[in-house]
Amino acid sequence: MSEPTQTVGALRAHHALMLLPFIWHLALAPLVNEVRWQPWGLPFQMVWQMAGILLTSLVIGTVYRLDRHSRTDRPLQPDQNS
């Protein structure tokens, strides 16, 4: 009895969106380190991180939806193991 195998889909262009949170949190952090503006009485770095969390959630949701959409565009192929 053979075990079912799962194939991993090819990376698509929209997967590059997943780099945005990485760039937001790591690459741009040194640039906002010296900002003294305090929106809503909070340190700017805290507001920056909260905005980054929202950005990350939006990017993950967008990539998820685009993945689901691209999966439904392809015709289903029958399982070759059965």
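Here, the structure is the one placed above.
Below, the structure is looked at part by part. Source: prediction; values computed, not measured.

Looking now at the overall build of the protein chain. Helices and strands together make up the secondary structure of the protein chain, namely three helices and zero strands. Reading the protein chain from its N end, one meets helices and strands in the order α-α-α. Taking all 82 residues of the protein chain together, 16% fall into the buried category. Look at the contacts in the protein chain between residues 6 or more apart in sequence, and 70% of them connect residues 24 or more apart.

Turning next to unusual backbone geometry. Positive phi values are uncommon outside glycine, yet Trp40 reaches one of about 55°. We classify Trp40 as exposed; its relative accessible area is 76%.

On to a nonpolar patch on the surface. There is a patch of nonpolar side chains on the surface, built from Leu19, Phe22, Ile23 and Leu26 and spanning about 410 Å² of accessible area. When you line up the elements, Leu19 lands in helix α1 (residues 19-27).

With that settled, the discussion passes to the packing of aromatic side chains. In this structure the tally under the stated criterion is three aromatic pairs. With 4.0 Å between their ring centres and 5° between their planes, Trp24 and Trp48 make a pair best called stacked. Taken together, the residues Trp24 in helix α1 and Trp48 in helix α3 (residues 44-73) connect sequence positions 24 residues apart. Of the two residues, Trp24 and Trp48, neither departs from the other in class, the shared state being buried. Between the aromatic rings of Trp37 and Phe44, the centroid separation amounts to 5.9 Å while the plane-to-plane angle is 40°, which identifies the pairing as tilted. Overall, the relative accessible area of 56% leaves Trp37 in the exposed class.

Turning to the pattern of salt bridges, a few remarks are in order. For side chains bearing opposite charge, pairing can occur when the charged atoms are close. This structure, assessed with the given rule, holds one salt bridge. Between Glu34 and Arg36 there is a salt bridge; the shortest N-O distance is 3.8 Å. Both residues of the pair, Glu34 and Arg36, count as exposed.

Mapped onto the elements of the fold, Gln49 is located in helix α3. A residue is classified by how much of its surface remains accessible, and Gln49, at 33% relative accessible area, is partly exposed. Put simply, Gln49 and His25 are 24 residues apart on the chain and 7.3 Å apart in space, counted from C-alpha to C-alpha. Within polar-contact distance, the side chain of Gln49 engages the side chain of His25 at 3.1 Å.

The rules behind the values
Residues numbered from 1 in each chain as written. Predicted model: local features only at pLDDT ≥ 70, side-chain atom pairs only at ≥ 80, totals over all residues. Heavy atoms only, no water. Helix = DSSP H or I, 4+ residues; strand = E, 2+ residues; numbered from the N terminus. Buried < 20%, exposed > 50% of the residue type's maximum accessible area, 1.4 Å probe, protein only. Contact = heavy atoms within 4.5 Å. Patch = residues over 30% accessible without salt bridge, like charges linked within 9 Å, V, L, I, M, F, W, Y side chains within 5 Å. Areas by Shrake-Rupley, 256 points an atom, 1.4 Å probe, with all protein chains shown as cover. Salt bridge = Lys/Arg side-chain N within 4 Å of Asp/Glu carboxyl O. Phe/Tyr/Trp six-rings, centres within 6.5 Å; stacked < 30°, edge-to-face > 60°. Polar contact = N/O pair within 3.5 Å; in protein donor to acceptor, adjacent residues only side chain to side chain.

By themselves, these figures tell us nothing about what the structure is for.
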